[in-house]
Amino acid sequence: ACGFGSFSTQEESTSCQTCRSDMTTESITATSGSECVCIPGHVGEECSACPAGEYSELGDQDCSLCAAGKFSETAGSGSCSVCEEGTWCSEGKKMDCESLNSPEDSKSSAECLCMAGEVGPDGDSCRLCTQNYYCLGGEHIAPCSNNSQSPQGSSVGTNCVCDGGYKGTSGS
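Residues numbered from 1 in each chain as written. Predicted model: local features only at pLDDT ≥ 70, side-chain atom pairs only at ≥ 80, totals over all residues. Heavy atoms only, no water.

### Brief notes about the state of the cysteines
- Counted under the stated rule, the structure contains 10 disulfides.
- Note on cysteine connectivity: Cys66 is disulfide-linked to Cys80, with sulfurs 2.0 Å apart. Taking the torsion about the S-S bond as the criterion, the Cys66 to Cys80 disulfide, at about -80°, is left-handed. On the criterion of sequence distance, the pair formed by Cys66 in the loop between strand E8 (64-65) and strand E9 (70-71) and Cys80 in the loop between E9 and strand E10 (81-82) is long-range, its members being 14 residues apart.
- Judged by its relative accessible area of 4%, Cys66 is buried.
- Of all cysteine sulfurs in the structure, the one in Cys160 sits closest to Cys162, which takes part in no disulfide; the separation is 9.5 Å. (Disulfide = S-S within 2.5 Å. Helix = DSSP H or I, 4+ residues; strand = E, 2+ residues; numbered from the N terminus. Buried < 20%, exposed > 50% of the residue type's maximum accessible area, 1.4 Å probe, protein only.)

### Details of the nonpolar core
- Phe7, Cys19, Met23, Ala30, Cys36, Cys38 and Cys47 together form the largest nonpolar core, which totals 7 residues.
- Filtering out sequence-adjacent residues up to four positions away, Phe7 remains in contact with Cys2, Ser15, Cys16, Gln17, Thr18, Cys19, Ala30, Thr31, Ser32, Gly33 and Cys36.
- With 5 residues, the next largest nonpolar core counts Trp88, Cys97, Cys112 and Cys114 among its residues. (Core = buried A, V, L, I, M, F, W, Y, C linked by side-chain atoms within 4.5 Å. Contact = heavy atoms within 4.5 Å.)

### Some points on the side chain of Ser8
- Tracing the sequence through the fold places Ser8 in the loop between strand E1 (6-7) and strand E2 (17-18).
- What makes Ser8 buried here is its relative accessible area of 6%.

### Focus on unusual backbone geometry
- Of note, the phi angle at Cys47 is positive, near 55°, even though the residue is not glycine.
- Mapping Cys47 onto the fold places it in the loop between strand E5 (42-43) and strand E6 (48-49).
- Among the residues examined, Cys47 registers a relative accessible area of 4% and is labelled buried.
- Positioned with a positive phi, Asp105 is a non-glycine residue whose angle comes to about 70°.
- Along the chain, Asp105 falls in the loop between strand E12 (93-96) and strand E13 (118-119).

This is the structure:
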């Protein structure tokens, strides 16, 4: 056996021939140059690199567009990467949520949310959470309970503290 990326036309031979540098084999027992296939990220007879935003696996004949929520930034990708938090991915491209946040694998700008301590419609502009309220992110805003207050930009209920002369648990 010659190993991946090479072949031998003679059985039991130690004389191995190597595939082109942009090709490999799918097994270690290849017996002909016709078993050489394009390396991942490359397709066609010339083993052309897939463009950014697309990928191909070993031996694929065509490039495929990365699925929504995934991207590839460089030509010749053999796989797509999952869109990170704070970004969204569509048609193989990664876009920033700018000052917003998003979960991993986001597929559209509508998944970009305001961060904790801010409030606003999904995918849109955010404003600092109002005094005496706390904002969990996105459109989630809640008032502090009676006789308690919080500073502007509060992100959790425990930011609400009792007014002087009142007792209670923080955040309630």
